[in-house]
Structure formats: structure tokens, C-alpha cells
Amino acid sequence: MKPTKEQIAAAAGKTIPDVIAPALDVLFCGINPGLYTAAVGHHFGRPGNRFWPVLHRAGFTPRLFDPSEQRALLPLGCGITNIVARATTAADELTAEELVAGARTLERSLRRRYGTL
């Protein structure tokens, strides 16, 4: 699905669920979702985003995944989260307070899930 300009604009402030499970080997962590990503509901969802090709070239996936296949990372021991859940046009729209709070929340969540970091 290619979102319209209106759908992209309406995605401001939306969140997308983490792709996370117990016993991951790797957790990829973005800063926060962009508006296109929030509009399509898939991490690193904008066409041309380098995340998915790099993931494949680095050997994390057996083939190039489409963002809509993000949950196929879980059986491979990989997950995706963000420091701040709120979608923005650019990361520089986030406040220092949001980043600090997001980092603390992420750290607490990981400590609960995995013990020491």
C-alpha cells in the first residue's frame, strides 16, 4: 500500500508496535518512526530505506525482506524497536526529554526481559 500525502501527514504522532520476542540475538533500535513508516505500519517502511537491503547483505536474513515481512525477523532471532515511539517528520522534532525518557523505558524493558545489559 502506498499511502497518500494526506495519510502520511495524518500519521504524525502515531506509533507502530515493536517487533520483539523472548530470546532475541539482536534488537535493532531506531530513533523513532518516520511519518511514512507510521502510515504503512511497518518499521523502516519508506521505499528506498537502506535498512532492509543492509540487513540482507549483512547476513541477518536469507533474502531481501519487504517491510511488510518484518515479523519474519523473529524466527531469525532479530527484532526492531525505537527509542521514541512517536512518529515525526524528522528525529530533530523530538525533545531531549522524550529521548531521555525513551532510553530509560527501553533500558528498563530490556533489563526485565534479558537481565543485565
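These figures come from a predicted structure and were not determined experimentally.

A. Structural context of the layout of surface pockets. Taken as a whole, the largest pocket encloses approximately 350 Å³ of empty space. It is helix α2 (residues 35-40) that contributes the most residues to the lining of the largest pocket, three residues altogether. For the lining of the largest pocket, a count of residues per class yields seven nonpolar, nine polar and one charged.

B. Highlighting helix α4 (residues 96-114). Here α4 spans 27 Å end to end across 19 residues, near enough to the 27 Å set by a 1.5 Å rise per residue. Taken together, the buried positions of α4 are Gly102, Leu106 and Leu110. Each buried residue of α4 sits inside an arc of 65° when the element is viewed along its axis, so together they form one side. Exposed residues lying more than 90 degrees from the buried face of α4 are Ala96, Glu97, Arg104 and Arg112. The secondary structure elements touched by the buried residues of α4 are β1 (26-30) and β2 (78-82). Immediately downstream of α4, the backbone of Gly115 shows phi near 85°, a positive value.

C. Structural detail: a positive patch on the surface. Residues Arg104, Arg108, Arg112 and Arg113 make up a contiguous surface patch of positive charge. The topology assignment puts Arg104 in helix α4.

D. Structural view of the environment of Gln70. Note on placement: Gln70 falls in the loop between α3 (51-57) and β2. For the pair Gln70 and Gly41, spaced 29 residues apart in sequence, the C-alpha to C-alpha distance is 10 Å. In contact with Gln70, not counting residues within four places along its chain, are Val19, Gly41, His42, His43 and Trp52. Looking at Gln70, its side chain comes within polar contact range of the main-chain nitrogen of His43, at 2.7 Å.

E. Structural context of the packing of aromatic side chains. Inspection of the entire model under this criterion finds four aromatic pairs. Arranged with centres 5.5 Å apart and planes meeting at 85°, the rings of Phe28 and Phe51 form a pair that is edge-to-face. Pair noted here: Phe28 is in strand β1 and Phe51 is in helix α3, with a separation of 23 residues, a long-range link. Phe51 gets classed as buried once you look at its relative accessible area, which sits at 14%. Taken together, a centroid distance of 5.0 Å and an interplanar angle of 85° make the contact between Phe51 and Trp52 edge-to-face.

Conventions and cut-offs
Every chain's residues receive numbers from 1 upward, in the order its sequence appears when written. Local features in this predicted model are restricted to residues whose pLDDT is 70 or higher, and side-chain atom pairs enter the listing and the counts only when it is 80 or higher, whereas totals over whole chains, interfaces and linings include all residues. Each side-chain value is worked out from all heavy atoms of the structure, with water and hydrogens disregarded. In this analysis the probe radius is 1.4 Å and the grid spacing 1 Å, with only protein atoms considered; a cavity is a set of points the probe fits into but cannot get out of, a pocket is an open set with protein on both sides within 12 Å along at least five of seven lines, and lining residues have an atom within 4 Å of a point. Grid points are joined across faces, edges and corners, and a volume is the space filled by probe spheres set on the points. Only runs of H or I of at least four residues qualify as helices and only runs of E of at least two qualify as strands under DSSP, and these elements are numbered from the N terminus. Basically, the charged four are Asp, Glu, Lys and Arg, the nonpolar ten are Ala, Val, Leu, Ile, Met, Phe, Trp, Tyr, Cys and Pro, and anything else, Gly included, counts as polar. In this analysis, the expected span of each helix is defined as 1.5 Å times one less than the number of residues it contains. Accessibility here uses a 1.4 Å probe with only protein chains present; expressed as a share of the type maximum, an area under 20% marks a residue as buried, one over 50% as exposed, and anything in between as partly exposed. By definition, the arc is the one covered by directions from the helix axis to the C-beta atoms. Contacts are residue-level and defined by heavy atoms, with any inter-residue pair within 4.5 Å sufficient. Each patch is built from salt-bridge-free residues with over 30% relative accessible area, joining like charges within 9 Å and nonpolar side chains (Val, Leu, Ile, Met, Phe, Trp, Tyr) within 5 Å. Surface exposure here means Shrake-Rupley accessible area, sampled with a 1.4 Å probe, where a residue is shielded only by the protein chains that are shown. Throughout this description, the term salt bridge denotes a Lys or Arg side-chain nitrogen within 4 Å of a carboxyl oxygen of Asp or Glu. His is not counted here, nor are the chain ends, while Lys and Arg score as positive and Asp and Glu score as negative. In this description, the location of a charge corresponds to atom NZ of lysine, CZ of arginine, CG of aspartate or CD of glutamate. Identification of polar contacts relies on pairs of N or O atoms within 3.5 Å, with a donor-acceptor requirement for protein atoms, meaning one able to donate a hydrogen and the other able to accept it, and with residues adjacent in sequence counted only if both atoms are side-chain atoms. Put simply, two rings from Phe, Tyr or Trp (the six-membered ring, in Trp's case) pair if the centres are within 6.5 Å, and we call them stacked under 30 degrees between planes, edge-to-face over 60, tilted for the rest.

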